[in-house]
Amino acid sequence: MSALKRILLAEDNDNDLDLTLTALGENNLANEVVVVRDGAEAWDFLRHEGQFAGRNGGNPAVVLLDLKMPKVDGLELLRRMREDARFKTVPVVVLTSSREESDIVQSYKLGVNAFVVKPVAFDQFIGAVKNLGLFWAVLNEPPPDRHQTPSHA
């Protein structure tokens, strides 16, 4: 059995971050959760650059992605991921408070695996994140990771 892969959580809202981490913790997932606060940090993590230049491991099991973030927003990060062969098959779940139809349509056009609107009720939010974490990080069988170490051209 292979080692558990990380969950990459891109979230800039402190309350949503705390709730998401609580929900993942309640599911007793053994996966490490790496938190980044904007899309630029997420991109650095994926590409082993910046503060993540020396990190070990390949692609995350799943990226939980907020759309409305500073520097590089979620849609732009998703676009970059789907244009880069190394990240094309990494599961991405948009986890956002946006109910804008244009955000939903654009996310799917860019290749998101799921779009989840953050429930307002605490119990619903916890349940939704627990189920997301369990499915994507434990149950889902991803394709072989053929691009674990990015090439530096």
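Placed above this text is the structure.
The notes below deal with the structure included here. (Residues numbered from 1 in each chain as written. Predicted model: local features only at pLDDT ≥ 70, side-chain atom pairs only at ≥ 80, totals over all residues. Heavy atoms only, no water.)

Turning to unusual backbone geometry, a few remarks are in order. At histidine 48, a residue that is not glycine, the phi angle is positive and equals roughly 60 degrees. With respect to the helices and strands, histidine 48 occurs in the loop between α2 (39-47) and β3 (62-65). You can call histidine 48 buried: its relative accessible area is 10%. Despite not being glycine, lysine 71 shows a phi value in the positive range, around 65 degrees. Looking at where lysine 71 falls in the secondary structure, it is placed in the loop between β3 and α3 (74-83). (Helix = DSSP H or I, 4+ residues; strand = E, 2+ residues; numbered from the N terminus. Buried < 20%, exposed > 50% of the residue type's maximum accessible area, 1.4 Å probe, protein only.)

Attention now moves to the side chain of aspartate 16. Structurally, aspartate 16 is set in helix α1 (residues 14-26). On the basis of relative accessibility, which here comes to 17%, the residue aspartate 16 falls in the buried class. Those residues in contact with aspartate 16 that lie beyond four places of it in its chain are Glu11, Lys118 and Phe125. (Contact = heavy atoms within 4.5 Å.)

Taking strand neighbours across the sheet as the criterion, the five strands line up as β2-β1-β3-β4-β5 in an open arrangement whose pairing is parallel. Edge positions in the sheet fall to β2 (33-36) and β5 (114-117), since each of these pairs with one other strand and no more. With direction set aside, neighbouring strand axes in the sheet form an average angle of 20 degrees. Strand direction decides the pairing type here: strand β1 (residues 7-10) and β2, joined by four bridges, are parallel. Each residue of the ladder has a partner; that of isoleucine 7, found in β2, is valine 33. In this fold α2 packs onto β1 and β2, with an angle of close to 160 degrees to the strand it touches most, β1. On top of the sheet, α3 reaches β3 and β4 (92-96); it is set at about 155 degrees to β3, its chief contact. (Pairing = 2+ DSSP bridges. Axes fitted to C-alpha atoms, helices over the stretch in contact; angles between N-to-C directions.)

So, on to the pattern of salt bridges. Counted under the stated rule, the structure contains nine salt bridges. Aspartate 38 is the salt-bridge partner of lysine 71, the closest N and O atoms lying 3.8 Å from each other. Taken together, the positions of lysine 71 in the loop between β3 and α3 and aspartate 38 in the loop between β2 and α2 put the pair 33 residues apart, joining distant regions of the chain. Accessibility expressed as a relative area gives 73% for lysine 71, which makes it exposed. Residue class for aspartate 38 comes out buried when judged on its relative accessible area of 5%. Salt bridges sharing common partners tie together Glu76, Arg79, Arg80 and Glu83. (Salt bridge = Lys/Arg side-chain N within 4 Å of Asp/Glu carboxyl O.)

You can see leucine 8 is positioned in strand β1. Each C-alpha atom, one on leucine 8 and one on asparagine 59, is 9.1 Å from the other, the two residues being 51 residues apart in sequence. Filtering out sequence-adjacent residues up to four positions away, leucine 8 remains in contact with Val34, Val36, Ala42, Phe45, Leu46, Pro60, Val62, Val63 and Leu64.

Attention now goes to the pairing of β3. Going residue by residue along β3, you find Val62 and Leu64 tucked away on one face and Val63 and Leu65 tucked away on the opposite face as well. With four bridges connecting them, β1 and β3 associate as parallel partners. By the bridge assignment for β3, alanine 10 is matched with leucine 65. Here β3 runs beside β4; their pairing, made up of three bridges, is parallel. Bridge pairing links valine 63 to valine 92 in β4. As for the winding sense of the linkage, the β-α-β connection from β3 through α3 to β4 is right-handed. (Right-handed = clockwise from strand over helix to strand, strands pointing away.)

Function cannot be inferred from these measures alone, as they are strictly geometric.
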